[in-house]
Number of protein chains: 2
Amino acid sequence: MSFNNQFKNGIVILGAGNVATHLSLALHKANFNILSVYSKTLDSAKTLAEKINTNYTNDIEQIPDNADLYIIAVKDEAIVEIIRHLSVSGAVVHTAGSISMNIFEGLYKDYGVIYPLQTFSKSRNLEFAEIPICIEANNKELENKLFSLAESLSRNVNVINSEKREMLHLAAVFACNFVNHMYSIATEILTEADIPFKLLIPLINETALKAIDSDPRRTQTGPALRNDQNVIQKHIEVLKEYPEFEKIYKFVSDSIYKLNQKNNKENNGEF
Amino acid sequence: MSFNNQFKNGIVILGAGNVATHLSLALHKANFNILSVYSKTLDSAKTLAEKINTNYTNDIEQIPDNADLYIIAVKDEAIVEIIRHLSVSGAVVHTAGSISMNIFEGLYKDYGVIYPLQTFSKSRNLEFAEIPICIEANNKELENKLFSLAESLSRNVNVINSEKREMLHLAAVFACNFVNHMYSIATEILTEADIPFKLLIPLINETALKAIDSDPRRTQTGPALRNDQNVIQKHIEVLKEYPEFEKIYKFVSDSIYKLNQKNNKENNGEF
């Protein structure tokens, strides 16, 4: 097997969680030369390393020091701990949405970010080619190299600086984590009422499609938009047993109404 | 043209909004005999009536009194006003999620509900066959008739009582309106930062698919789940200029963490 020409002295993966796993699998598939997987949990390192036929370690001192690229894909708070011990001459990048590239300043000559914008679960297969990858580097040469690497994995590569990446991450938290929490609350309510979740599937699909096809601020529907206090008060009554959800219901309903007023859009939808 | 055998003396549609429009189009397509469209706004009544080649009026006294079925598809608060003036012997139903069937008690002999569970906008075409329709009636004969009518429109027909329908509607508000609001906030943030919304499309798709494929309570990812205060505090800082969104960010983040603790699930995802 001949390796991909890029970063041909090899790549080291630091981390073995969801992002590290999906990114490593995509790099392996694109024939990048992955020298080693590091994780502080040896079992996790082993599991990932076996998937991509490479070495693994839980000792940061054992990481090869001659690699061209070190990709740190761990929880944000663990990045600092890793770079305290990682003394290398190759380029170093992280994969975090809300950590500035400058965390590496003064520590390495070449550094940057490879941020794949997706929600990763180990158990789900993803078409990596469709995932937007946002890259950033402290010099043009590395930027070009990272761009080229990212283009080997995805059709959707973007150069985005740290400040914008943080805003993008924040937007993604709303569009993914918070959306998923709304699904979770719906599930809790349906479970309690013994109603099958599958009744909501066409609604979930259409809501996502509508947001993708047109500005979601213009297509809102439902009692909050209409300020239908009759319905809103009934719902709040039902939620009395779930104070957390009641609070969210009130604040989000209020915010829907206010955003609509602010945008002074016509109510063009009913639920 | 020969009409559908069901409710063959005809159906009257009261309302000309999104639900009335989509439902009327589906009934028309299934060859139901629609006698007339009523709306208090004559133009709206006319627009809908022309789409389905029928009569229209804005005078409730002019509604044919010999129809088999009257479908009231108006805003919840307008239902009471309509039934105060609607004196007929045919069956009367409404299409609202959170209004009990008993609103009709004592007023009509046969009454019920046809609740299509979807987010309707006039400008979007929908495959009505995929939309779950929940029906309810005050007697078995009408229930059978409504079930049969609904089956002419959709593959997904369910008999659901008023109490459960309200819970279903509440769940739908979270899974649709509140989800859409999260998309709207994401759009506001991206617009402010001059980042194209299309970067979020793969994430929106995957988040919806994941929820449909597995319990969303088990697949949550992101900083709130990990209680990553480093990221959370940065995001709250950015949101200082948007107090509404900041409040939602805090409450939803808090609720994600608590729901996860409650369900005592493993953190099986990272953002």
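Observations regarding the overall build of chain A
And step 1. Counting its regular elements, chain A contains 9 helices and 10 strands.
And step 2. For chain A, the residues scored as buried account for 61% of the 271 residues in total.
And step 3. Carbon and sulfur atoms make up 44% of the accessible area of chain A, which amounts to about 11,100 Å² in all.
And step 4. Treating the 27 positive side-chain charges of chain A as one cloud and the 33 negative ones as another, the clouds have centres 3 Å apart.

Concerning the pattern of salt bridges
Two side chains bearing opposite charge may form a pair once their charged atoms approach each other closely.
And step 1. Counted according to the given criterion, the structure contains 34 salt bridges over all chains.
And step 2. Salt-bridge contacts for Glu244(A) lead to Lys258(B); the nearest nitrogen and oxygen are separated by 2.9 Å. Of this pair, Glu244(A) sits in helix α9 (residues 243-263) while Lys258(B) sits in helix α8 (residues 243-263), which puts the two residues in different chains.
And step 3. One network of salt bridges, in which partners are shared, links Glu188(A), Asp215(B), Arg217(B) and Lys262(B).

Considerations on helix α6 (residues 201-213) of chain A
And step 1. For α6(A), built from 13 residues, the straight-helix expectation of 18 Å at 1.5 Å per residue is met to within 8% by its first-to-last C-alpha distance of 18 Å.
And step 2. Considered for burial, the residues of α6(A) that qualify are Pro202(A), Leu203(A), Ile204(A), Glu206(A), Thr207(A), Ala208(A), Lys210(A) and Ala211(A).
And step 3. Its buried side turned inward, α6(A) meets α5 (162-193) of chain A together with β7 (120-121), α5 (162-193) and α6 (201-213) of chain B.

Section: the interface of chain A and chain B
And step 1. Tallying the contact residues gives 103 residues for chain A and 102 residues for chain B.
And step 2. Across the chain A to chain B interface the summed buried area is about 10,200 Å²; carbon plus sulfur atoms make up 64%.
And step 3. If you look at where chain A meets chain B, you find 10 salt bridges.
And step 4. The salt bridge partner of Glu188(A) is Lys262(B), with a shortest N-O separation of 2.6 Å.
And step 5. For the side of chain A that touches chain B, the element with the highest residue contribution is α5(A), accounting for 28 residues.

A word on the nonpolar core
And step 1. Among the nonpolar cores identified, the biggest contains 128 residues, and Phe174(A), Leu200(A), Phe174(B) and Leu200(B) are the most heavily contacted of them.
And step 2. Apart from residues no more than four positions distant in its own chain, Leu200(B) is found in contact with Leu117(A), Leu168(A), Ala171(A), Ala172(A), Ala175(A), Ala186(B) and Leu190(B).

A closer look at the relation of the copies chain A and chain B
And step 1. Aligned on chain B, chain A shows an RMSD of 0.0 Å; the corresponding rotation is 180° and the shift along the axis is 0.0 Å. The transformation relating the two chain copies, once decomposed into turn and shift, fits a two-fold axis. Among all residues of chain A, the minimum C-alpha distance to the rotation axis is found for Val179(A), at 2.5 Å.
And step 2. Looking at the interface residues of chain A, 99% of them are also at the interface in chain B, so both copies use one shared face.

Considerations on the sheet that holds strand β5 (residues 91-94) of chain B
Residues and elements named next belong to chain B.
And step 1. Across the sheet, 8 strands lie side by side as β3-β2-β1-β4-β5-β6-β8-β9; this open sheet has mixed pairing. Each edge of the open sheet carries a strand with a single partner, namely β3 (55-57) and β9 (157-159). The sheet shows a mean angle of 20° between the axes of neighbouring strands, direction not considered.
And step 2. Lying on the sheet, helix α3 (residues 76-85) is in contact with β1 (11-14), β2 (34-38), β4 (69-72) and β5; it crosses β4 at an angle near 150°.
And step 3. Strands in contact with α5 are β5, β6 (111-116) and β8 (133-137); relative to β6, the strand with the most contacts, it is inclined by about 20°.

Side note on the side chain of Asn180(A)
And step 1. With respect to the helices, strands and loops of the structure, Asn180(A) is situated in helix α5.
And step 2. On the basis of relative accessible area, Asn180(A) is assigned to the buried category, the value being 3%.
And step 3. Excluding anything up to four places from it in sequence, Asn180(A) contacts Thr207(B), Ala211(B), Pro216(B), Thr219(B) and Gln220(B).

Some thoughts on the packing of aromatic side chains
Residue and element names in this part refer to chain A.
And step 1. Under the criterion given, the structure shown has 15 aromatic pairs over all chains.
And step 2. Measuring from ring centre to ring centre gives 5.8 Å for Tyr 242 and Phe 245, while their planes differ by 15°; the resulting arrangement is stacked.
And step 3. Connected via pairs of aromatic rings, a cluster forms that spans Phe 104, Tyr 108 and Tyr 111.

A word on helix α1 (residues 18-29) of chain B
Note: α-helices contain 3.6 residues per turn, so residues at a spacing of three or four share the same orientation.
All names here are of chain B.
And step 1. Over its 12 residues, α1 runs 17 Å from end to end, which matches the ideal 16 Å to within 8%, given 1.5 Å per residue.
And step 2. Across the 12 residues of α1, 9 count as buried, placing the element largely inside the fold.
And step 3. Inspection of α1 places Asn 18, Val 19, Ala 20, Thr 21, His 22, Leu 23, Ser 24, Ala 26 and Leu 27 among the buried residues, and these make up the whole buried set.
And step 4. Downstream of α1 by one or two residues, Asn 31 has phi in the positive range, about 65°.

With respect to the side chain of Ser253(A)
And step 1. Among the structural elements, Ser253(A) can be located in helix α9.
And step 2. From its side chain, Ser253(A) meets the backbone oxygen of Tyr249(A) in a polar contact 2.9 Å long.
And step 3. Sequence-distant contacts of Ser253(A), that is, excluding residues within four places in its chain, are made with Ala224(A), Ile248(A) and Phe178(B).

Points about the packing of α9(A) against α8(B)
And step 1. Running from amino to carboxyl end, α9(A) crosses α8(B) at an angle of 155°, the nearest separation of the two axes being 10 Å. When the axis of α9(A) is compared with that of α8(B), the two are roughly antiparallel. Both α9(A) and α8(B) take part in a crossing whose hand is left-handed. Judged by residue contacts, Glu244(A), Phe245(A), Lys247(A), Ile248(A), Phe251(A), Val252(A), Asp254(A), Ser255(A), Lys258(A) and Leu259(A) of α9(A) engage Glu244(B), Phe245(B), Lys247(B), Ile248(B), Phe251(B), Val252(B), Asp254(B), Ser255(B), Lys258(B) and Leu259(B) from α8(B).
And step 2. Here the residues of the contact of α9(A) with α8(B) sort into 10 nonpolar, 2 polar and 8 charged.

Brief notes about the environment of Leu209(A)
And step 1. As for its position among the elements, Leu209(A) is in helix α6.
And step 2. For the pair Leu209(A) and Asn156(A), spaced 53 residues apart in the sequence, the C-alpha separation amounts to 20 Å.

Section: the pairing of β8(B)
Residue and element names in this part refer to chain B.
And step 1. Across the 5 residues of β8, 5 count as buried, placing the element largely inside the fold.
And step 2. Taking every second residue as pointing to the same face, both faces of β8 are buried, with Ile 133, Ile 135 and Ala 137 on one and Cys 134 and Glu 136 on the other.
And step 3. Pairing geometry for β6 and β8, over 5 bridges, is antiparallel. Counterpart to Gly 112 in the pairing with β8 is Ala 137.
And step 4. By the bridge criterion, 3 bridges tie β8 to β9 in an arrangement that is parallel.

Rules and cut-offs
- The residue numbering used here restarts from 1 in each chain and proceeds along that chain's sequence as written.
- Whichever chain is written first becomes A and whichever ligand is written first becomes 1, with later ones labelled in order.
- At least 70 in pLDDT is required for a residue's local features to be given in this predicted model, at least 80 for side-chain atom pairs to be given and counted, and no such filter applies to totals for whole chains, interfaces and linings, which use all residues.
- Hydrogens are left out, water is left out, and the side-chain values use all remaining heavy atoms of the structure.
- In this text, helices come from DSSP runs of H or I with a minimum length of four residues, and strands from runs of E with a minimum of two, each type numbered from the N-terminal end.
- Three exposure classes are used, based on accessible area relative to the maximum for each residue type with a 1.4 Å probe and protein chains only: buried under 20%, partly exposed in between, and exposed over 50%.
- Residue exposure ignores everything except the shown protein chains as possible cover, and the areas themselves are Shrake-Rupley values with a 1.4 Å probe.
- In this tally Asp and Glu are treated as negative and Lys and Arg as positive; neither His nor the chain ends contributes.
- Each charge is placed at NZ for Lys, CZ for Arg, CG for Asp and CD for Glu.
- The salt bridge criterion pairs a side-chain nitrogen of Lys or Arg with a carboxyl oxygen of Asp or Glu, the two atoms within 4 Å.
- Here a helix's expected span is defined as the number of its residues, less one, multiplied by 1.5 Å.
- The contact criterion used is simple: two residues touch if any of their non-hydrogen atoms lie within 4.5 Å.
- When two parts are put together, the accessible area they lose, computed with a 1.4 Å probe and summed over both, is reported as buried area.
- Throughout this description, the term nonpolar core refers to a set of buried Ala, Val, Leu, Ile, Met, Phe, Trp, Tyr and Cys residues connected via side-chain atoms within 4.5 Å.
- All copies are superposed by least squares; the fitting set is the C-alpha atoms of residues with a pLDDT of at least 70 in both.
- We treat two strands as partners when DSSP finds at least two bridges between them.
- For helices, the fitted line uses only the C-alpha atoms of the stretch in contact; every axis is such a line through C-alpha atoms, and the angle between N-to-C directions lies from 0 to 180 degrees.
- Stacked, tilted and edge-to-face are the three classes assigned to paired rings of Phe, Tyr and Trp, where Trp is represented by its six-membered ring and a pair needs centres within 6.5 Å; plane angles under 30 degrees give stacked, over 60 edge-to-face, the rest tilted.
- Pairs of N or O atoms within 3.5 Å make up the polar contacts considered here, provided that, within protein, one atom can donate a hydrogen while the other can accept it, and that residues adjacent in sequence are counted only when both atoms are side-chain atoms.
- When an angle is under 35 degrees it counts as roughly parallel; over 145 it counts as roughly antiparallel; between 65 and 115 it counts as roughly perpendicular; any other value is oblique.
- For any pair of crossing helices, the crossing counts as left-handed if the nearer helix is rotated counterclockwise from the farther one by less than a right angle, and right-handed if it is rotated clockwise.
- Under the convention adopted here, Pro, Cys and the residues Ala, Val, Leu, Ile, Met, Phe, Trp and Tyr are nonpolar, Asp, Glu, Lys and Arg are charged, and Gly plus all remaining residues are polar.

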